[in-house]
Amino acid sequence: MSKFWNDKIKEIEPYTPGEQPKDKKYIKLNTNENPYPPSSKVIEKIKSMNLEDLKLYPDPDVMELGKVIAEYFSNKINDKVTHKQVFIGNGSDEVLAFIFMTFFNAGDKVYYPDITYSFYPVYADLFNVKEVKILLNDSFEIEIQKYFGLNGHIVIANPNAPTSIALKLDEIEEIVKNNPNQLVIVDEAYVDFGAESAVKLINKYDNVLVVQTFSKSRSMAGIRLGYALGSENIIEGLNRLKFSFNSYTIDRISIEAGIESFKDDEYFEKTNAKIIQTREKTVEKLKKLEFKVLNSSANFIFISHNKVFAGDLYKQLKENGVLVRYFAKDRIDNYLRVTIGTDEEMEIFIEKLEDLLEK
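Definitions and cut-offs
- Residues numbered from 1 in each chain as written.
- Predicted model: local features only at pLDDT ≥ 70, side-chain atom pairs only at ≥ 80, totals over all residues.
- Heavy atoms only, no water.
- Salt bridge = Lys/Arg side-chain N within 4 Å of Asp/Glu carboxyl O.
- Helix = DSSP H or I, 4+ residues; strand = E, 2+ residues; numbered from the N terminus.
- Buried < 20%, exposed > 50% of the residue type's maximum accessible area, 1.4 Å probe, protein only.
- Pairing = 2+ DSSP bridges.
- Contact = heavy atoms within 4.5 Å.
- Axes fitted to C-alpha atoms, helices over the stretch in contact; angles between N-to-C directions.
- UniProt positions renumbered as here; feature names shortened; annotations may be inferred.
- Parallel < 35°, antiparallel > 145°, perpendicular 65-115°, else oblique.
- Nonpolar A, V, L, I, M, F, W, Y, C, P; charged D, E, K, R; others polar.

Q: Looking at this model, I keep getting lost on the pattern of salt bridges. Mind explaining?
A: Where charged atoms of side chains with opposite charge meet at close range, the side chains can pair. Taken as a whole and judged by the stated rule, the model has 14 salt bridges. Asp114 is the salt-bridge partner of Arg331, the closest N and O atoms lying 2.7 Å from each other. Within this pair, whereas Arg331 is found in the loop between strand 12 (325–326) and strand 13 (336–339), its partner Asp114 is found in the loop between strand 3 (109–113) and helix 5 (119–126), the two being separated by 217 residues in sequence. Take Arg331: its relative accessible area is 34%, and that puts it in the partly exposed class. With its nearest N and O atoms 4.0 Å apart, the salt bridge here joins Glu131 to Lys133. Of the residues examined, Lys133 reaches a relative accessible area of 45% and is grouped as partly exposed.

Have a look at this one:
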């Protein structure tokens, strides 16, 4: 601990990302990365770029990418979305951090489930916001009535992580309707794998903000791009924060890659469908092995076995070259989160499980 650290840095508990080991080659099912590469159009665009232009700053407004995202969602929801309703950040984690900085005062309350994305408590602590955790039920589901009439902003991951369970759009809307004076932030990192996006609500309500990412369904975790969609007033607030913090958050290569990704909708839909199909096949095989598998609308599954402790299974899988995610936390310490890989990767995962369960 350095004598130069401020008090907050001395006491904060940082977020712990998934393992990125370098000791040997693993089948990596631990960080919800997409098993398929980005669109070939993304790769070709990057290869064809004039890299001498990297001597120049990128567009601080990220205007072209914002327009492409706005046009995409206008077509998808059959309602006009403008680039002024789009905020782009360096990954959705940065977007979420900007949201906490923009819309919370020190001492404000933030509400979210007791089991959810573990970055939310880190942000609450970092920005001196009082977290209020609302218990999931025994089936790890959000009970929406518990979110009505709250006195602080709300953050909901939909589908939730690490449980993989999604709320329906009308359930999200009920939460938004019943908190007209609070911001409802819907973190949709995994929405493209089986849930319905709340982007449909951004022109209907002025208190909903939807966050999405390129890291999962668009196979671009290494690029670091995320975005938010909401009313123009909400997005203007985020831009005021950004231009008081770092005007150039998105580099030139990321901008071009993001544009090409949204242009290749056919590839986007194809790879998502493959992941969903692999997920469903894997779930059936796990159930035959007597695993409990929560209903997943994500590119991962949350599983538990009544005969083998999850922590032990995690270690045994790692020893056998397969990485999954284990959380040593109350209520979920007997569950593993398993990213959906390719059919071949999931077959090896099942084979390793079969061998371990026979021992």
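Q: Would you mind going over the sheet that holds strand 10 (residues 300–305) with me for this structure?
A: On the basis of which strands lie adjacent, the open sheet formed by 4 strands has the order 9-10-13-12 and antiparallel pairing. Two strands in the sheet have a free side with no partner beyond their single neighbour: strand 9 (291–293) and strand 12. Examined bridge by bridge, strand 9 and strand 10 share 3 bridges and lie antiparallel to one another. If you follow Lys292 over to strand 10, its bridge partner there is Ser304. The strands touched by helix 10 (residues 310–319) are strand 9, strand 12 and strand 13; relative to strand 13, the strand with the most contacts, the crossing angle is about 40°.

Q: Hey, could you run me through the UniProt feature "domain: Aminotransferase class I/classII large" (unreviewed entry) in the protein chain in this one?
A: If you check UniProt for "domain: Aminotransferase class I/classII large" (unreviewed entry), the listed places come out as residues 25–353 in our numbering. Between the C-alpha atoms that bound residues 25–353 the distance is 18 Å, and the span itself is 37% helix and 16% strand.

Q: What am I meant to see in the pairing of strand 2 (residues 86–89) here?
A: Along any regular strand the residues' side chains alternate between the sheet's two faces. Every second residue of strand 2 is oriented toward a common face, with Val86 and Ile88 on one face and Phe87 and Gly89 on the other, all of them buried. Inspection of the sheet shows strand 2 paired to strand 8 (residues 226–229) by 4 bridges, in the antiparallel sense. Each residue of the ladder has a partner; that of Ile88, found in strand 8, is Tyr227.

Q: Sorry if this is basic, but what is going on with the environment of Pro180 here?
A: Counting through the fold element by element, Pro180 comes out in the loop between helix 6 (169–177) and strand 6 (184–187). Taking the relative accessible area as the measure of exposure, Pro180 reaches 53% and is therefore exposed. Distance in space between the C-alpha atoms of Pro180 and Lys287 is 42 Å, their sequence separation being 107 residues. Discounting residues that sit within four places of it in the chain, Pro180 has contacts with Asp206 and Asn207.

Q: Quick question: what am I supposed to make of the packing of helix 4 (residues 92–103) against helix 7 (residues 232–242) here?
A: Geometrically, a packed helix pair is captured by the angle between its two axes and the distance between the axes. Interhelical geometry of helix 4 versus helix 7 gives an angle of 100° and a closest axis separation of 9 Å. One way to sum up the angle between helix 4 and helix 7 is to call them roughly perpendicular. Counting all contacts with helix 4, which are made through Phe98, Ile99, Met101, Thr102 and Phe103, the residues of helix 7 involved are Ile234, Gly237, Leu238, Leu241 and Lys242. Here the contact of helix 4 with helix 7 is built from residues that sort into 7 nonpolar, 2 polar and 1 charged.

Q: How should the UniProt feature "modified residue: N6-(pyridoxal phosphate)lysine" (unreviewed entry) in the protein chain be read in this particular structure?
A: The UniProt record marks Lys216 with the feature "modified residue: N6-(pyridoxal phosphate)lysine" (unreviewed entry), using the residue numbering of this structure. Tracing the backbone shows Lys216 in the loop between strand 7 (208–213) and strand 8. Beyond its immediate stretch of four places on either side in the chain, Lys216 contacts Thr31, Asn32, Asn34, Ala189, Tyr190, Phe193 and Asn299.

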